[in-house]
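Chain by chain, the residues:
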Amino acid sequence: MNLKALIRPSIAAMKPYSSARDEFQSQDNNLVFLDANESPFQNDLNRYPDPQQVLLKTKIAALKQVLPNQILLGNGSDEVLDLLFRAFCEPNQDAVLTLTPTYGMYGVLANLNAIENQSVTLNSMFQIKIDDVLKAIQPNTKMIFICSPNNPSGNLLDTKAIEIILKAFGGLVVIDEAYIDFTDANSWIERLPEFPNLVVTQTLSKAYGLAGIRLGICYASTEIISILNKIKPPYNINLLTQNAAFEGILNQENTKKQIDIILSEREKLIQNLNNLSFVKTIFPSDSNFILMRVDDANMRYTQLIAKGIIVRNRHGQPLCDDCLRITVGTPDENLKLIQALQTI
Ligand SMILES: *Cc1c(COP(=O)(O)O)cnc(C)c1O
């Protein structure tokens, strides 16, 4: 892969904004900081946050066994994905490839950035049709998005197929691992040394229970990270988020406990859903949600709302005719779901 040829020329040439905290950093409380036009009155939030999030990245790097400068933090994964588009895709010229049905943000970001979205559908088991993917790659294809476990199908995508894409494709392969914490599968982070074109994204929004703080994490080579770092908004991770993320990541034990509960609840839910006459197929899940095909998704969706239960209607998405996507809730919420389904 030739990273210099992938990056947009205007991004390669630009000089990044240099903030006050980029130009002078110190933890010394005896220094008098008069360089950032902040309020001098202490309330724990009057100072700008660390633009490089050093403490948080050091913690994450140790946990994931990467270097801190292989990490970029974003205001949710959505910001990380947007930075990738803006760094590597020239509007009205370049393209990305997505594997549908998948997370809607890749297509939205492609539209937003005036980038063509070359979508290739997965097969009926929601696995990669490798020949179709290889055939669809064009000279202007800059990135391929692979969501594994995939949203909305819930399954991990085949390792061998992903390896073939990583080796054959000269652009970036972005693997979205928002749901990786719910599986025993190894993260693709471990394979970063092998594939210079690999980018992995994770989030604190799902298994860590911190969707409200908005923290997405991108792992890649130091070269790719330094490009994204150059174009990110200077103070993109606010102080409250940096602190809450640090605490959340420290609390591995609690997260593991909650994941275990969700996985055992998922298996119970699958058994109960299987007993319903209008449930036709339950697709295998490696995540905290279940995709199922019913007799009439629009009708069942509306009936559930009338009972106060909101699921995601995926009818109309490729390969998802009459499918509902259900997030695994607490034991009590799952019981309410099953009771509602038994009476509609
Ligand atoms: C939920 C989800 C995310 C999380 O996005 P954040 O912006 O980090 O909350 C990312 N990718 C996929 C596929 C998701 O389903």
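Residues numbered from 1 in each chain as written. Predicted model: local features only at pLDDT ≥ 70, side-chain atom pairs only at ≥ 80, totals over all residues. Heavy atoms only, no water.

**Some words on the overall build of the protein chain**
Per the secondary structure count, the protein chain includes 13 helices and 11 strands. Taken against the 2.2 N^0.38 rule, which gives 20 Å for 344 residues, the C-alpha radius of gyration of the protein chain at 22 Å falls within 12% of a compact globule. Expressed as lengths along the three principal axes of its C-alpha atoms, the size of the protein chain is roughly 70 × 50 × 30 Å. The buried share of the protein chain, taken over its 344 residues, is 50%. Contacts in the protein chain between residues at least 24 apart in sequence constitute 69% of all its contacts with a sequence separation of at least 6. Just so you have it, the protein chain exposes about 16,700 Å², and 51% of that area is on carbon and sulfur atoms. Separation between the mean location of the 31 positive side-chain charges and that of the 36 negative ones in the protein chain comes to 2 Å. (Helix = DSSP H or I, 4+ residues; strand = E, 2+ residues; numbered from the N terminus. Rg over C-alpha atoms; globule rule 2.2 N^0.38 Å. Buried < 20%, exposed > 50% of the residue type's maximum accessible area, 1.4 Å probe, protein only. Contact = heavy atoms within 4.5 Å. Areas by Shrake-Rupley, 256 points an atom, 1.4 Å probe, with all protein chains shown as cover. Lys, Arg positive; Asp, Glu negative; His and termini not counted. Charge placed at Lys NZ, Arg CZ, Asp CG, Glu CD.)

**Observations regarding the packing of aromatic side chains**
The final tally for this structure, using the stated rule, is 7 aromatic pairs. Summarising the aromatic geometry, the rings of Y103 and Y106 are spaced 5.5 Å apart at their centres and angled 80° between planes, so their arrangement reads as edge-to-face. Of the residues examined, Y103 reaches a relative accessible area of 26% and is grouped as partly exposed. Residue class for Y106 comes out buried when judged on its relative accessible area of 1%. Through pairs of rings, three or more aromatic residues link up here, namely F85, Y103, Y106 and F145. Here the basic side chain of R300 rests over the ring of F278, its NZ or CZ set 3.9 Å away from the ring centre. Lying across the ring of F289, R325 places its NZ or CZ 5.6 Å from the centre. (Phe/Tyr/Trp six-rings, centres within 6.5 Å; stacked < 30°, edge-to-face > 60°. Lys NZ or Arg CZ within 6 Å of the ring centre and 35° of its normal.)

**Considering the packing of helix α11 (residues 252-274) against helix α13 (residues 331-343)**
Interhelical geometry of α11 versus α13 gives an angle of 10° and a closest axis separation of 11 Å. As far as their axial angle goes, α13 and α11 are roughly parallel. Residues E265, L269, N272 and L273 of α11 pack against P331, N334, L337, I338 and L341 of α13. Of the residues belonging to the contact of α11 with α13, the class tally is 6 nonpolar, 2 polar and 1 charged. (Axes fitted to C-alpha atoms, helices over the stretch in contact; angles between N-to-C directions. Parallel < 35°, antiparallel > 145°, perpendicular 65-115°, else oblique. Nonpolar A, V, L, I, M, F, W, Y, C, P; charged D, E, K, R; others polar.)

**Some thoughts on unusual backbone geometry**
The general pattern is negative phi for most residues beyond glycine and trans for most peptide bonds. Note that the residue after T100, namely P101, is joined by a cis bond; omega there is 0°. Structurally, the position occupied by P101 is in the loop between β2 (95-100) and α6 (105-112). Cis geometry marks the peptide bond from S148 to P149, where omega comes out at -5°. Here P149 lies in the loop between β4 (141-147) and α8 (159-168).

**Points about the pattern of salt bridges**
Evaluated as defined, the whole model comprises 13 salt bridges. The salt bridge involving R86 is made with D82; its shortest N-O contact spans 3.2 Å. Of this pair, R86 and D82 both sit in helix α5 (residues 77-88), separated by 4 residues, roughly a single helical turn. Looking at D82, the relative accessible area reads 15%, which means it is buried. A network of salt bridges, in which partner residues are shared, links E163, R191 and E194. (Salt bridge = Lys/Arg side-chain N within 4 Å of Asp/Glu carboxyl O.)

**Remarks on the environment of T159**
Within the secondary structure, T159 sits in helix α8. Between the C-alpha atom of T159 and that of A185, which follows or precedes it by 26 residues, the distance is 10.0 Å. In contact with T159, not counting residues within four places along its chain, are W188 and R191.

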